[in-house]
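An overview of the molecular structure
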Amino acid sequence: MDQEFDSELISIEIAYQLSQKQYVKELHVPTGTSISNAIKSLCRNKNYPNLKKNLDIDAVGINGKVRDLNTILAKNDRIEIYKLLSVDPKARRKIKSLKSTD
């Protein structure tokens, strides 16, 4: 982050999923911070030592809308880290229904 130390801090959230559990972490970052830098800041946090190696980022969004990693954050933004689906939801339902009829 290239901001000065006296920069105003804004509150944001980062939502992501590891394994089968979803997490939402609140961070305070300087005004002018990008999505990329906010995620890097979370990964460097000593409270989440395994986050960096376990976090797969396929796309990111803010409040449900896909955004570029260089997007500058605003107060109360919620960054969402999206992962590619391993199985299409429609295909999963079809497989499940076929198994239940056996």
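Residues numbered from 1 in each chain as written. Predicted model: local features only at pLDDT ≥ 70, side-chain atom pairs only at ≥ 80, totals over all residues. Heavy atoms only, no water.

Examining the side chain of Thr33
Along the chain, Thr33 falls in the loop between β2 (21–30) and α1 (35–44). A polar side-chain atom of Thr33 sits 2.6 Å from the main-chain carbonyl oxygen of Pro30. (Helix = DSSP H or I, 4+ residues; strand = E, 2+ residues; numbered from the N terminus. Polar contact = N/O pair within 3.5 Å; in protein donor to acceptor, adjacent residues only side chain to side chain.)

Side note on the nonpolar core
In this structure, Ile12, Ile14, Ile35, Ile39, Leu73 and Ile79 are the most contacted members of the largest nonpolar core, which totals 17 residues. At the level of elements, β1 (9–18), β2, α1, β3 (59–62) and β5 (78–82) are the ones that each hand at least two residues to this core. Those residues in contact with Ile79 that lie beyond four places of it in its chain are Ile12, Glu13, Ile14, Ala15, Ile35, Ala38, Ile39, Gly61 and Leu73. (Core = buried A, V, L, I, M, F, W, Y, C linked by side-chain atoms within 4.5 Å. Buried < 20%, exposed > 50% of the residue type's maximum accessible area, 1.4 Å probe, protein only. Contact = heavy atoms within 4.5 Å.)

What to know about α1
For α1, the complete set of buried residues consists of Ile35, Ser36, Ala38, Ile39, Leu42 and Cys43. Buried residues of α1 fall within an arc of 165 degrees about the axis and therefore sit on the same side. (Arc of directions from axis to C-beta.)

A few points about the environment of Lys83
Tracing the sequence through the fold places Lys83 in the loop between β5 and α3 (89–101). Taking C-alpha positions, Lys83 is 8.3 Å from Gln17, a pair spaced 66 residues apart along the chain.

Things to note about the side chain of Glu80
With respect to the helices and strands, the residue Glu80 is situated in strand β5. Given a relative accessible area of 15%, Glu80 falls into the buried group. At 2.8 Å, the side chain of Glu80 forms a polar contact with the backbone nitrogen of Gly64. Sequence-distant contacts of Glu80, that is, excluding residues within four places in its chain, are made with Ala15, Ala59, Val60, Gly61, Ile62, Asn63 and Gly64.

Some words on the confidence of the model for the protein
Overall, the prediction assigns the protein a mean pLDDT of 82, with 78% of residues at 70 or greater. Across the protein, the element-wise mean pLDDT spans from 64 in helix α2 (residues 51–54) up to 94 in strand β4 (residues 65–67). (pLDDT = per-residue confidence, 0-100.)

What to know about the pattern of salt bridges
Under the definition given, this model contains 2 salt bridges. Here Glu13 makes a salt bridge to Arg78, at a shortest N to O gap of 3.5 Å. Residue Glu13 is found in strand β1, and its partner Arg78 is found in strand β5; the two are separated by 65 residues along the sequence. For Arg78, a relative accessible area of 25% corresponds to the partly exposed category. Between Glu80 and Arg78 there is a salt bridge, with the nearest N and O atoms lying 3.5 Å from each other. Several salt bridges share partner residues, and in doing so they unite Glu13, Arg78 and Glu80 into one network. (Salt bridge = Lys/Arg side-chain N within 4 Å of Asp/Glu carboxyl O.)

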